[in-house]
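# A closer look at the structure
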2 protein chains.
Amino acid sequence: MKCTRCRDSAELKLRAHNAAFCRTCFFEFFERRVLRAIERGRMIEAGERVLVAVSGGKDSLALWDVLARHGYATVGFHLALGIGEYSARSREACQRFASERGLQLEVTDLRAQDIAVPDLAWAARRPACAACGTAKRHFFDQAALDHGCAVLATGHNLDDEAARLLGNLMHWQTDHLARQRPVLPPPHPRFVRKVKPLFLTSELETASWAFMRGYDYVVEECPNAVGATQLTYKAALDKIEAASPGSKLFFVRDFVERGAAFFEKSAADRSAGVCTSCGQPSFGEICGFCSLRAQLERRRAARGETRRADG
Amino acid sequence: MKCTRCRDSAELKLRAHNAAFCRTCFFEFFERRVLRAIERGRMIEAGERVLVAVSGGKDSLALWDVLARHGYATVGFHLALGIGEYSARSREACQRFASERGLQLEVTDLRAQDIAVPDLAWAARRPACAACGTAKRHFFDQAALDHGCAVLATGHNLDDEAARLLGNLMHWQTDHLARQRPVLPPPHPRFVRKVKPLFLTSELETASWAFMRGYDYVVEECPNAVGATQLTYKAALDKIEAASPGSKLFFVRDFVERGAAFFEKSAADRSAGVCTSCGQPSFGEICGFCSLRAQLERRRAARGETRRADG
């Protein structure tokens, strides 16, 4: 197997691109695709600081690395979710990654605020992933404002976006379809642009990049994700991709370029206001996170629980 | 396992409906769903004759049977495709089914007209399934007119529609999405309404119905379908359905009820005219079938072939 670009011996075959690469050429290919996605989507304007949400997994660390290596002013932000050992390992991975590269990392610890994800999920009587998403939206927005960032970048990759797209289509969640974009403008002038520079970069590509660059990242999935329908959609899409390489790429790219426009009217009259409690974007008077936190306080009061002292 | 309706011993479990049925109750359930789809979609008006396109497979025969048993004036129409032994067995199955039930069956034989599907595919240098679809559209429309039918009913089931929908979405074929409906009004006043009364009835249900009613139908897939991407989409959807029963039903039903409207503008200005050669619906001067037939004649002439004598 020869490298498609330099004819040297190839190390990695990417069937979706009908190409094979040696390590050096793959690095170039990978970075170029990420940078091109940023340029074409006008994801980051000159001089803007970028908050990179890092989980400790390969995708978000790869994104942070590429941005920092190419001169973007980044602040890494890790939200410690309080999901047992998994969260401890994730935080350590981020801290190690940042200190090895001299990058600025900020951490917010939900357990220290006594609102760990398992507690929020218990309060909401909902799946942990729903509570986790609500908390992330709140703290990511907050951290971006706190650290003077105009942009929030997340490491969602092509496989994530394809699975989410398929899930939204299977249920015809037209509101969600209208908002599933690689560049989401601020919902309100006070807030940040949200971007996904890896939306056309597959999990195989980020995993290969992380491996070849010797990242010490958290390989395990979040324990709450086991059995999540998202993984079923990924498996279904893997079947299609195996039979017809490149399918996920066309699916997501063509959605963004042509499909998404059809759903725009679905979200046309939804412009966010500001939560009267926390000042973050909200479609109601109180945002989802503040009502979740209030719910937790009520359930704790009802159980006669005092706030834990380890905060 | 008990029957959900009568508490007798159940013979069939339908996870998508969270139900189990004895044979008698399943028959009622099956017929009611088909008849309700016809009513809700206003697929067939009182007094209209229905051309039922029958392939010899379980779905179209089940449809024909249900329509005839419930007093609809039907004409069965079988297009003999000229695909070797498969086509011979298919035609026999239709003829046997019709004569056992005293139903009117009309047959058009493509080989007799020297335009068998393999020849058309060779002429078009395209996959056989594309040529076959073009020929079917032409002869189904023609037969409906010839036999005084205002409606053409086909046996596409839920699994077919879900796979087609997924395929159209994977490639963002927004034109096709605009036209993927269980009831398609005539594209031109001279032509027929096209309906799919089984669009919410799964393959498991039609197969169970055909088995329980003792149909002698063609079980094999068309040999040209082997390896078709349609089957990959079906397998992917089967994975999702297994993890979350009812997914295909929601996917197709919600598309029809909510999703499809988003794509309407994509096909808004496409109204068909009439082919100047055959008089069938056409979006150009000559319809797809007539230009395919002309292509075959040209390729045969170029090869110095005379028309075969077995026509």
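Here we summarise the structure given alongside this text. All of these numbers come straight from a predicted model, not from anything done at the bench.

## Points about the packing of helix 2 (residues 58–69) of chain B against helix 3 (residues 84–101) of chain B
All names here are of chain B. One can describe the packing of helix 2 onto helix 3 by two numbers: an axis separation of 11 Å at closest approach and a directional angle of 15°. Taken together, the axes of helix 2 and helix 3 lie roughly parallel to each other. Crossing angle aside, the handedness with which helix 2 passes helix 3 is right-handed. Here L61, W64 and D65 of helix 2 lie close against helix 3, whose contacting residues are C94, F97, A98 and R101. Per-class residue counts for the contact of helix 2 with helix 3 are five nonpolar, no polar and two charged.

## A short note on the interface of chain B and chain A
Taken together, the 27 residues of chain B in the interface contact 27 residues of chain A. For the chain B and chain A pair, buried surface summed over both sides reaches about 2400 Å², with 79% attributable to carbon and sulfur atoms. By the criterion of area lost to chain A, the three top residues of chain B are B:M170, B:W172 and B:F262, representing 34% of everything that side buries. At the surface where chain B touches chain A, the tally comes to six residue pairs in polar contact (both at pLDDT 80 or more). For the side of chain B that touches chain A, the secondary-structure elements that each account for two or more residues are helix 6 (158–170), helix 9 (229–243) and helix 10 (247–259) of chain B. Counting residues per element, the side of chain B that touches chain A draws most heavily on helix 9 of chain B, which supplies eight residues. Within the side of chain B that touches chain A, the residues separate by chemical class into 17 nonpolar, six polar and four charged.

## Some points on the side chain of B:S90
Summarising the element assignment, B:S90 is placed in helix 3. Among residues more than four places away in sequence, those in contact with B:S90 are B:S55, B:G56, B:H78 and B:V218.

## Describing the relation of the copies chain B and chain A
Mapping between the two copies of the chain is achieved by a rotation about an axis and a shift along the axis. Under the fitted operation, chain B is carried onto chain A by 0.0 Å of movement along the axis and a turn of 180°, and the coordinates agree to an RMSD of 0.0 Å. Taken together, the rotation angle and the small translation identify this as a two-fold axis. Residues of chain B ranked by C-alpha distance from the rotation axis are headed by B:A236, positioned 2.2 Å from it. Taken together, the interface assignments show that 100% of the residues at the interface of chain B recur at the interface of chain A, consistent with an identical surface on both copies.

## Points about empty space enclosed by the protein
Unoccupied space between atoms shows up once a probe the size of one water molecule is rolled over them. The tally for this structure, following the rule as stated, stands at two cavities of 30 Å³ or more. Here the largest cavity defines a volume of roughly 50 Å³. Lining the largest cavity we find A:E161, A:L165, A:Q180, A:R181, A:P182, A:K196, A:F199, A:V252, A:F255 and A:V256. Those elements that place two or more of their residues in the lining of the largest cavity are helix 6 (158–170) and helix 10 (247–259) of chain A. For the lining of the largest cavity, the element with the most residues is helix 10 of chain A, which contributes three residues. Of the residues that constitute the lining of the largest cavity, the class distribution is six nonpolar, one polar and three charged. Its volume calculated, the second largest cavity comes out at about 40 Å³. Lining the second largest cavity we find B:E161, B:Q180, B:R181, B:P182, B:F199, B:V252, B:F255 and B:V256.

## A look at the sheet that holds strand 8 (residues 193–195) of chain B
All names here are of chain B. In space, the six strands of this open sheet follow the order 5-4-3-6-8-7, with mixed pairing throughout. For this open sheet the edge positions go to strand 5 (105–109) and strand 7 (183–184), each flanked by a neighbour on one side alone. Relative to strand 5, strand 4 (residues 73–80) runs parallel, the two being bridged by five bridges. Counted as the bridge partner of H78 is V107 from strand 5. Helix-sheet contacts for helix 2 involve strand 3 (49–53), strand 4, strand 5 and strand 6 (151–153), and the interaxial angle to strand 3 is about 160°. Against the sheet, helix 3 makes contact with strand 4 and strand 5, and its axis sits at roughly 165° relative to strand 5, the strand it touches most.

## Considerations on helix 3 (residues 84–101) of chain A
All names here are of chain A. Taking 1.5 Å per residue as the helical rise, helix 3 with its 18 residues ought to reach 26 Å, and the 27 Å between its terminal C-alpha atoms agrees with that figure. Taken residue by residue, helix 3 has Y86, S87, S90, A93, C94, F97 and A98 as its buried positions. Down the axis, helix 3 shows its buried residues gathered within 125° of arc, on one side only. Exposed residues pointing more than 90 degrees away from the buried face of helix 3 are listed as G84, E85, S99 and E100. Buried positions along helix 3 lie against helix 2 (58–69), strand 4 (73–80) and strand 5 (105–109). Positive backbone phi, approximately 65°, marks G102, located one or two places after helix 3.

## What about the packing of aromatic side chains?
The tally for this structure, following the rule as stated, stands at 29 aromatic pairs over all chains. On the basis of an interplanar angle of 15° and a centroid distance of 4.4 Å, the ring pair of A:F30 and A:W209 is categorised as stacked. In this pair, A:F30 sits in helix 1 (residues 23–40) while A:W209 sits in helix 8 (residues 203–212), placing the two residues 179 residues apart along the sequence. By relative accessible area, A:F30 is classed as buried at 1%. Taking 5.1 Å as the distance between ring centres and 40° as the angle between the ring planes, the aromatic pair formed by A:F262 and B:F263 counts as tilted. With A:F262 in the loop between helix 10 and strand 9 (273–274) and B:F263 in the loop between helix 10 and strand 9 (273–274), the pair connects residues from two separate chains. The class of A:F262 is buried, set by a relative accessible area of 11%.

Reading guide: rules and limits
- Sequence order as written defines the numbering, with residues in each chain counted from 1.
- Chain labels run from A onward and ligand labels from 1 onward, assigned in the order the entries are written.
- Side-chain atom pairs in this predicted model are given and counted only at pLDDT of 80 or more, local residue features only at pLDDT of at least 70, and totals for whole chains, interfaces and linings cover all residues.
- Here the side-chain values reflect all heavy atoms present in the structure, with hydrogen atoms and water set aside.
- Simply put, an axis is a line fit to the C-alpha atoms, just over the touching stretch for a helix, and the angle between two N-to-C directions goes from 0 to 180 degrees.
- We count a stretch as a helix when DSSP gives it H or I for four or more residues in a row; a strand needs E for two or more, and each element gets its number in order from the N terminus.
- Working definition: roughly parallel below 35 degrees, roughly antiparallel above 145 degrees, roughly perpendicular at 65 to 115 degrees, and oblique for all remaining angles.
- We call a crossing left-handed when the near helix sits turned anticlockwise from the far one by less than a right angle, and right-handed when that turn is clockwise.
- In what follows, a contact means two residues having at least one pair of non-hydrogen atoms within 4.5 Å.
- For this classification, the nonpolar set comprises Ala, Val, Leu, Ile, Met, Phe, Trp, Tyr, Cys and Pro, the charged set comprises Asp, Glu, Lys and Arg, and every other residue, Gly included, is treated as polar.
- Note on terms: buried area is the combined drop in 1.4 Å-probe accessible area of two parts once they are placed together, counting the loss on both.
- Definition of a polar contact: a pair of N or O atoms within 3.5 Å, with one able to donate and the other able to accept a hydrogen when the atoms are protein atoms, and with sequence-neighbouring residues admitted only if both atoms are side-chain atoms.
- A least-squares fit on C-alpha atoms brings the copies together, and the residues used are those whose pLDDT is at least 70 in both copies.
- Method remark: on a 1 Å grid restricted to protein atoms, a set of points is classed as a cavity if a 1.4 Å probe fits but cannot get out and as a pocket if it is open with protein on both sides within 12 Å along at least five of seven lines; lining residues have an atom within 4 Å of a point.
- Grid points are joined across faces, edges and corners, and a volume is the space filled by probe spheres set on the points.
- Strands were regarded as paired on the criterion that DSSP finds at least two bridges between them.
- Expected span of a helix: the number of residues minus one, times 1.5 Å.
- We call a residue buried when its accessible area falls under 20% of the maximum for its residue type, exposed when it is over 50%, and partly exposed in between, using a 1.4 Å probe and counting protein chains only.
- Relevant arc is that of directions from the helix axis to the C-beta atoms, nothing else.
- Here a pair means two rings of Phe, Tyr or Trp (six-membered ring of Trp) with centres within 6.5 Å. Their orientation is stacked below 30 degrees between planes, edge-to-face above 60, and tilted elsewhere.

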